Amino acid sequence: MLKGKKILIGVTGSIAAYKIPILVRLLIRQGAEVKILMTPASADFVSRLTLSTLSKNPVLTELFDDESWANHVMLGRWADVMLVAPLSCNTLSKMATGRSDNLLVATYLSATCPVIVAPAMDEDMWLHHSTAENLELLQKNHVTVIPVEHGELASGLVGDGRMAEPESLVAFLEDFFRVKEQLKGKKALVTAGPTYEQIDPVRFIGNHSSGKMGYAIADELARRGAEVVLISGPVLVKAKEQRVRVEKVEGAAAMHAAATAHSDYDIAVLTAAVADYTPEEVSGQKIKKTDGELIIRLKKTKDILADLGRQKKAGQVLVGFALETENEHVNARKKLEEKNADMIVLNSLQDEGAGFGGDNNKVTFFFREGQPKEFGLRSKKQVARDIVDSILELTV
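Residues numbered from 1 in each chain as written. Predicted model: local features only at pLDDT ≥ 70, side-chain atom pairs only at ≥ 80, totals over all residues. Heavy atoms only, no water.

Asks: A description of unusual backbone geometry should follow, citing residues and the corresponding values.
Replies: The omega angle of the peptide bond from A85 to P86 is -5°, so this bond is cis rather than trans. Structurally, P86 is set in strand β6 (residues 81-87). (Helix = DSSP H or I, 4+ residues; strand = E, 2+ residues; numbered from the N terminus.)

Asks: Please provide a residue-by-residue account of the layout of surface pockets, values included.
Replies: The space that makes up the largest pocket amounts to roughly 1700 Å³. Taken together, 43 residues make up the lining of the largest pocket; nearest its centre are N141, H142, K240, E241 and K381. Looking at the lining of the largest pocket, the elements with two or more residues in it are α5 (103-110), β7 (115-119), α7 (129-140), β8 (144-145), α8 (166-180), α9 (212-223) and α13 (380-395). Examining the composition of the lining of the largest pocket, we find that seven residues originate from one element, α9, more than from any other. In this structure, the second largest pocket encloses a volume near 1100 Å³. A272, V274, D276, F321 and K335 are the residues nearest the centre of the second largest pocket, which is lined by 39 residues in total. Among the elements of the structure, α9, α11 (304-311), β19 (317-324) and α12 (328-338) are those that each provide at least two residues to the lining of the second largest pocket. Among the elements that take part in the lining of the second largest pocket, β19 stands out by supplying five residues, more than any other. (1 Å grid on protein atoms, 1.4 Å probe; cavity = no way out; pocket = protein on both sides within 12 Å on 5 of 7 lines; lining within 4 Å. Points joined across faces, edges and corners; volume = space filled by probe spheres on them.)

Asks: I'd like to hear about the sheet that holds strand β2 (residues 33-38), residue by residue, with values.
Replies: In space, the six strands of this open sheet follow the order β3-β2-β1-β6-β7-β8, with parallel pairing throughout. For this open sheet the edge positions go to β3 (59-60) and β8, each flanked by a neighbour on one side alone. For β2 and β3, the ladder comprises two bridges, and the chain directions are parallel. Residue I36 lies in a different strand from β3, and its bridge partner there is V59. Together, β1 (6-11), β6, β7 and β8 form the strand contacts of α8, whose direction differs from that of β6 by roughly 155°. (Pairing = 2+ DSSP bridges. Contact = heavy atoms within 4.5 Å. Axes fitted to C-alpha atoms, helices over the stretch in contact; angles between N-to-C directions.)

Spelled out as structure tokens, the structure:
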């Protein structure tokens, strides 16, 4: 699984650095190509010569050394993954706040590859609120954190804070690359966000969709190797994965045209809250307020899920969303059958803490065969993982 993978290891000033020669040996044995960066403090715990010999590559510690420049930008582009291990409390703080005063942090800040960290510190430092806040900041910037282990610490105490063992780090990397290749070669189509149906140059009919769910699904599909086209209504969120190509639209008609233009998908997940109706006529000028009533006649919009369902070919997986306020299961099942979808994700406005705008969701999956699968309240990122897991089962 690791043969030919390019792994950039960042070593920081922690006693756990003594484990890194073992990690490098294990990675090289599997056929990985390894390059190593060290902070100046880490040299007190493990030697550059040892790591250079084992990795078969020069070990870099300084941005400038003997009038030469270590190209931190290219290092972050060379790697398939950057692993910071051990991650000391000091380097954690620098990465979280963007304090670029050494080669390792400069490389992290310019890296285009995924970044994984393996913290190592004494239990009191690990449990300090500032450590938790810094880890949260890293995770918000899509850094993956490998859990610490419980055991004997350098202080002599026993508790949480030990860096994961080299064998565990290798297993984590193997799983990371396995996940990245699950949907390799697949084309995915995702719709997200609201649509705005224009009334006049300054007014529109819209809804409260934030697009967070759709963007999380697009990122998750890309994380697993798919090439993703994301048709997005007006939202403030952004895609994080490089494999996500965003096409911005505003109205339901434009979203329909963009989605149906990508009917060669392998996987389509339609999360967008598309308007069911749009004004029959759009005023070219701002409609002025008068003493009388304003009556706006609406016409039906085209149904993207139904049209893609009619065009669906063998091997394509089509997933729709249903937001219901009553008879939820009946309506979701009906939508599944009428739209020729393979899976419907039911949202309910009755669930506290879920739905539009928030970071959490509570969903139920409906399939053409088998029983519904119900999930409790969880983050939209985790819901995205659950959805893609179910899609993988449908593609087997």
